[in-house]
Amino acid sequence: MEVPAIGSERLRVCPECGADVPEEERFVAWCAECGWNVDPSGAVEPQPGRIEAARRRLAHRYGEQLLADIEQSRDRPPPRSSYRALTYVLALTVHGVTVALFVLGVLLVVLGWGTMLGPVVGALSLAVAYILRPRWGALPKDAPVLERAAAPALFALVDEIAAVVGTTGVHVIVIDARFNASVTTYGLRRRRMLRLGLGMWEVLTPQQRVALLGHELGHYAHGDTRHGAVVGNALHSLRVWYYLLAPTPHPGPGALVVNWLTFVPRWAVYGMLVLLDQLTLGAAQHAEYLADRTAAQAGSSAAAVELMDRLLIGASVETELRRQAVAANTRVGRAAPRNDAGVGLWASLAAHIEAVPEREYERLRRVSALRGHSVDSTHPPTHLRRRRVVTDERYPGRVRLDAVGNAAIEVELAEARRRLAGEVIRDHFR
Ligand SMILES: [Zn+2]
Ligand SMILES: [Zn+2]
């Protein structure tokens, strides 16, 4: 069935419809006409767990409906914003219970001191209140943390993009090796932390990097509720409650009574958890669409669309890093000194991803639409996010990252790049 080679690209004939299908060694051969072999690994890939699968289905359905809402009502207030009030009422109720437990504990210990049971129950309440206490997040101890003085060019870029999307910059930038980027806060003062994964950063063009930062900083600008202190901590408390109230698996007579007594509170907690999760899922997905718009405003619509395509190649990045880690370890085994092992890792990764042809992206986009690819279960499906950026107003991009600025940032990241390359090579070889 093989057709002679044309240049370096060979052709074969689609077994389904007979159209010509280019064959390239590194990539899946598939048919653009009828869709033959678009998703060869789809059937064999491990399926997510039941709860995760359900959430993904829901995120998919909701993502589509939300997109339709947004596309129809350009200037109306965000859909379902009325849920926001209910979300906060629920979250504050959860925190109210924690405060009540704390007060009850103090009162029982202080006032019930003469009795036998008072201090015991009081101490128990205080212990539970302590477990439920709000968490503020902390700086990671195992990753390079950049402060302003160490990376002036990168922070200047972040500041410039932040100003465009209507917020302020960050306090620290944490670098890791992952194919990801995120924003959070840390400490009681809720200082801002941007996390940049080199697995993603290194395979982006300068303008795609601007779009990525525009997306992340957009989350601060739009006040993402799910990550906010009040709601985020309420979700945490509910998960702790659910764990505390979990039934004993093979109960004796005593535990059976406890299981029976905790039945109603357990399901109440579960109901609250599902409700709060659902209420914030909508807001979280809406926040993603808004953040994609700020990505376009900062970097340009074209760069934002390219960024969406890049999100689809996470698996290729992983595979390539693993391949390089094995190769580097083999070399180390022979001659080269160990701290040279990481040199060139990120540049090779970038070159590898740079060589991915448009046809492969087209295939991945089709797989994404078929399978409902999303970055995680709170993000809308990537193909819908891409469609939204394509159909939205065209933005020329207000921030340019030129070659000089890009080179300055690369110098500032040099130490983190070297250290993380070493870690990638070590970790993938275990
Ligand atoms: Zn075909
Ligand atoms: Zn996001």
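Coordinates for the structure precede this section.
Residues numbered from 1 in each chain as written. Chains lettered and ligands numbered in written order. Predicted model: local features only at pLDDT ≥ 70, side-chain atom pairs only at ≥ 80, totals over all residues. Heavy atoms only, no water.

**Q** It is not clear to me how helix H3 (residues 117-132) should be interpreted in this structure. Could you clarify?
**A** Two residues of an α-helix separated by three or four positions point the same way, owing to the 3.6 residues in each turn. Between its first and last C-alpha, H3 extends 23 Å over 16 residues, near the 22 Å set by a 1.5 Å rise per residue. Along H3, the positions that sit buried rather than exposed are Gly 118, Pro 119, Gly 122, Ser 125, Val 128, Ala 129 and Leu 132. If you follow the buried residues of H3, they end up packed against helix H2 (83-111) and helix H7 (229-244). (Helix = DSSP H or I, 4+ residues; strand = E, 2+ residues; numbered from the N terminus. Expected span 1.5 Å × (residues − 1). Buried < 20%, exposed > 50% of the residue type's maximum accessible area, 1.4 Å probe, protein only. Contact = heavy atoms within 4.5 Å.)

**Q** So what exactly am I meant to see when it comes to the coordination of the zinc ion (ligand 1) here?
**A** Around a metal, the idealised angle for a tetrahedral arrangement of four donor atoms is 109.5 degrees; for an octahedral arrangement of six donor atoms it is 90 or 180 degrees. For the zinc ion (ligand 1), the full set of protein donor atoms is Cys 14 (SG), Cys 17 (SG), Cys 31 (SG) and Cys 34 (SG), at a range of 2.3 Å. Within one chain, the residues serving as donors to the zinc ion (ligand 1) are arranged as C-x2-C-x13-C-x2-C. The exposure class of Cys 14 is buried, given its relative accessible area of 2%. On the accessibility criterion, Cys 17 (40% relative accessible area) is partly exposed. (Donors = N, O, S within 2.8 Å, 3.2 Å for Na, K, Ca; no water.)

**Q** Help me understand the packing of helix H9 (residues 263-299) against helix H14 (residues 382-391) in this model?
**A** Packed helix pairs are specified by the crossing angle of their axes together with the interaxial distance, meaning the distance between the axes. One way to put it is that H9 packs onto H14 with a least axis distance of 10 Å and a crossing angle of 45°. In terms of orientation, H9 lies oblique with respect to H14. Crossing angle aside, the handedness with which H9 passes H14 is right-handed. Contacts from Glu 288, Tyr 289, Asp 292 and Arg 293 of H9 reach H14 at Leu 384, Arg 385, Arg 388 and Val 389. Here the contact of H9 with H14 is built from residues that sort into 3 nonpolar, no polar and 5 charged. (Axes fitted to C-alpha atoms, helices over the stretch in contact; angles between N-to-C directions. Parallel < 35°, antiparallel > 145°, perpendicular 65-115°, else oblique. Left-handed = near helix turned anticlockwise from the far one by under 90°. Nonpolar A, V, L, I, M, F, W, Y, C, P; charged D, E, K, R; others polar.)

**Q** Help me understand the coordination of the zinc ion (ligand 2) in this model?
**A** On the protein side, the zinc ion (ligand 2) has His 215 (NE2), His 219 (NE2) and Glu 288 (OE) as donor atoms, found 2.1 Å from it. As a motif over one chain, the donors of the zinc ion (ligand 2) read H-x3-H-x68-E. Placement of the pair is His 215 in helix H6 (residues 206-222) and Glu 288 in helix H9, with a sequence separation of 73 residues. Across the pair, exposure class does not vary: His 215 and Glu 288 are buried alike.

**Q** Teacher, can you tell me more about the pattern of salt bridges here?
**A** Evaluated as defined, the whole model comprises 21 salt bridges. A salt bridge links Glu 320 to Arg 323, with the nearest nitrogen and oxygen atoms 3.0 Å apart. Separated by 3 residues within a single helix, Glu 320 and Arg 323 lie in helix H11 (residues 314-334), roughly one turn from each other. Glu 320 sits in the buried class, given a relative accessible area of 5%. Salt-bridge contacts for Arg 418 lead to Glu 415; the nearest nitrogen and oxygen are separated by 3.1 Å. Separated by 3 residues within a single helix, Arg 418 and Glu 415 lie in helix H15 (residues 403-427), roughly one turn from each other. What you see here is one network of salt bridges that share partners, running through Asp 309, Glu 358, Glu 362, Arg 365, Arg 366 and Arg 386. (Salt bridge = Lys/Arg side-chain N within 4 Å of Asp/Glu carboxyl O.)

**Q** Looking at this structure, how should I read empty space enclosed by the protein?
**A** With a probe scaled to a water molecule rolled over the atoms, the places where space remains empty come into view. Applying the stated criterion across every chain yields a total of 2 cavities of 30 Å³ or more. Taken together, the residues of the lining of the largest cavity sort by class into 6 nonpolar, no polar and 4 charged. The volume enclosed by the second largest cavity comes to roughly 40 Å³. Trp 201, Glu 202, Arg 209, Ile 409, Glu 410, Leu 413 and Arg 417 together form the lining of the second largest cavity. The element contributing the most residues to the lining of the second largest cavity is H15, with 4 residues. A per-class count over the lining of the second largest cavity returns 3 nonpolar, no polar and 4 charged. (1 Å grid on protein atoms, 1.4 Å probe; cavity = no way out; pocket = protein on both sides within 12 Å on 5 of 7 lines; lining within 4 Å. Points joined across faces, edges and corners; volume = space filled by probe spheres on them.)

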